[in-house]
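# Structural overview
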Amino acid sequence: MQNKISFICNDLEINTGIHPATTVLDFLRKTLFLTGTKEGCREGDCGACTVLIGELSGNEVIYKTVNSCLLPIGSVVGKHVVSIEGLNVDGLSPVQLAMVEEGGTQCGFCTPGFIISLSAYFLNNKIYDHSEAIESLDGNICRCTGHTAIKRAAVRSVDYFNNLKGESLFSAGLLPSYFSDIPNRLIGLKSKIASNGDSERTTQYRIGGGTDLFVQKWEDIYKSDVNFISNNGNEEKIYISGNECFVNASATVSDLMNSELLLKYFPDIKQYFALFGSLPIRNRATIGGNIVNASPIADMTSFFLALNSKLHLIGDNSAPTQQGKDSLGREVLLRKFYLGYKTLDKKPEEIIRTISFKLTTTNSLFSYEKVSRRTYLDIASVNTSLYIESNNDIIKEIHISAGGVAPIPLYLSKTRDFLLNKKVDSKLVPEAAKIAISETSPITDARGSVQYKKLLLRQLLFAHFLKLFPILVNYEELV
Ligand SMILES: Cc1cc2nc3c(=O)[nH]c(=O)nc-3n(C[C@H](O)[C@H](O)[C@H](O)COP(=O)(O)OP(=O)(O)OC[C@H]3O[C@@H](n4cnc5c(N)ncnc54)[C@H](O)[C@@H]3O)c2cc1C
Ligand code: FES
Ligand code: FES
């Protein structure tokens, strides 16, 4: 039996017994008849269906943009869902006005999604910047008007809010007044949900962010029993214990990019993952999902493979509350997790609870490279990550991943063995690249031919070393 699903939609409290895998998009349009949210691709690609999801963090509500076409309603329990209708104020909001005045809307199909994304930018930031505001629209596509006028509207909105000098978003006309009461209402709702308890559920599909499952199997999931994998709310998503870093499997790409802790060890992490999908996808896509989906070109998997990460698996969704190694479950090295194409060292009832890796040291360097047909909003043709520790230019530890060149996300073990204890120089790198290529078995597909992918891997390995050892490795000597 399924409990009622309770959340706030705009200013209305919802309690529904609808199937938890119903997408928020369908619920908004077909049950609440809120048709401002549009259905375009239904695959997370166009942003026509973008809504805001607000979640309590202490007494504050943090809002994120998500694609409602990939968002199961069961995952918004206790949260605030804001559709375009939920942003209605008297007259037009400053963002809507800028869009009209700059001619950013023609047929209007994409406009609600753009307004939601741009409003979220002002909601989530205190200092406003032209290029960041434009970047916040990276998940929205306009097919009829083009993006120039929309970018102008973003710039105009930034100028408007920068001129307000500390005025609240309510008096500035961005948000309707009911938003001010949402934190209290969510706190009340949370205790109501807690006292309802949870009902027994059999599980056929376990859903993380749903960004793979809802593209691949939506109709199937809708007919099945489902369960949601989430951290229990009390746990830190990313923390250090001893000399290891632990990342909860339900952490999203955005969580990784916004982690002050990871930024300390990986100063370029924001650039790496800016190449992952769009902002609404990054706000939902979890590490656990990326690893278990087992796509050979999975980007987070590439990153964690090169850190020689360990997976900690537990038998079900009852994540222990206590942190620490003893409570983390069965350990498997990520590089040993993939047994064949989409075949994993994982029992059906197991879920990944945490991923851990040894902290990088002062002698270590990290590099991530991804090439896709389009720089942004595209999956990789080939991706690769490299971790290296050296002492007096001698390689003391190294781990390299290579995606898109085998049926599984590949860990280059022979290349590692070859490179260990060797001195980094321009002769070594092409030799290592030859061994790396011998470890691969790419296929020709829409992302490139066998020869192209092998060449790409070689070039990306060159790029790792040229970037990390600019004095020792020279481009002219490599080619
Ligand atoms: C528009 C779009 C763009 C994308 N761009 C990229 C990209 O650039 N790079 C990239 O790598 N991927 C990309 N993806 C793919 C997808 O977003 C990622 O693979 C994502 O990390 C999947 O995570 P999820 O939580 O959404 O997985 P879900 O869809 O929820 O789940 C996927 C699978 O993992 C299982 N699962 C989830 N969490 C766990 C867990 N903790 N333990 C055990 N099993 C679990 C589920 O049961 C399911 O089998 C894109 C997807 C879309 C729709
Ligand atoms: S309908 Fe295109 S992203 Fe949801
Ligand atoms: S205004 Fe028509 S698709 Fe953007």
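Let us look at the structure shown here. (Residues numbered from 1 in each chain as written. Chains lettered and ligands numbered in written order. Predicted model: local features only at pLDDT ≥ 70, side-chain atom pairs only at ≥ 80, totals over all residues. Heavy atoms only, no water.)

### Describing the packing of aromatic side chains
- Counted according to the given criterion, the structure contains 24 aromatic pairs.
- On the basis of an interplanar angle of 65 degrees and a centroid distance of 5.4 Å, the ring pair of Phe273 and Phe303 is categorised as edge-to-face. One end of the pair, Phe273, is in helix α11 (residues 269–274); the other, Phe303, is in helix α14 (residues 299–305), and 30 residues separate them in sequence.
- Phe303 sits in the buried class, given a relative accessible area of 0%.
- Through a chain of ring-to-ring contacts, the aromatic side chains of Phe266, Tyr272, Phe273, Phe303, Phe304, Phe357, Phe366 and Tyr368 assemble into a single cluster.
- Lying across the ring of Tyr411, Arg335 places its NZ or CZ 4.9 Å from the centre. (Phe/Tyr/Trp six-rings, centres within 6.5 Å; stacked < 30°, edge-to-face > 60°. Helix = DSSP H or I, 4+ residues; strand = E, 2+ residues; numbered from the N terminus. Buried < 20%, exposed > 50% of the residue type's maximum accessible area, 1.4 Å probe, protein only. Lys NZ or Arg CZ within 6 Å of the ring centre and 35° of its normal.)

### With respect to helix α5 (residues 148–162)
- Between its first and last C-alpha, α5 extends 21 Å over 15 residues, near the 21 Å set by a 1.5 Å rise per residue.
- Taken together, the buried positions of α5 are Ala149, Ile150, Ala153, Ala154, Ser157, Val158 and Phe161. (Expected span 1.5 Å × (residues − 1).)

### A word on the sheet that holds strand β14 (residues 351–358)
- Taken in spatial order, the five strands make up an open sheet running β8-β9-β14-β10-β11, and their pairing is antiparallel. Bordering the open sheet on either side are β8 (238–241) and β11 (330–333), each of which pairs with just one other strand. Geometrically, the sheet is characterised by an average inter-axis angle of 30 degrees between neighbouring strands, direction not taken into account.
- Of the pairings in the sheet, the one linking strand β10 (residues 310–314) to β11 comprises four bridges and is antiparallel in character. Note that in β11 the partner of Leu313 across the bridge is Arg330. (Pairing = 2+ DSSP bridges. Axes fitted to C-alpha atoms, helices over the stretch in contact; angles between N-to-C directions.)

### Notes on the sheet that holds strand β3 (residues 50–57)
- Overall, mixed pairing links the five strands, which are arranged β2-β1-β5-β3-β4 in an open sheet. Edge strands, defined here as strands with exactly one partner in the open sheet, are β2 (12–16) and β4 (60–67). This sheet shows a mean twist of 30 degrees between the axes of neighbouring strands, independent of strand direction.
- The pairing of β3 with β4 spans eight bridges and is antiparallel. Residue pairing across strands places Leu56 opposite Val61, the latter belonging to β4.

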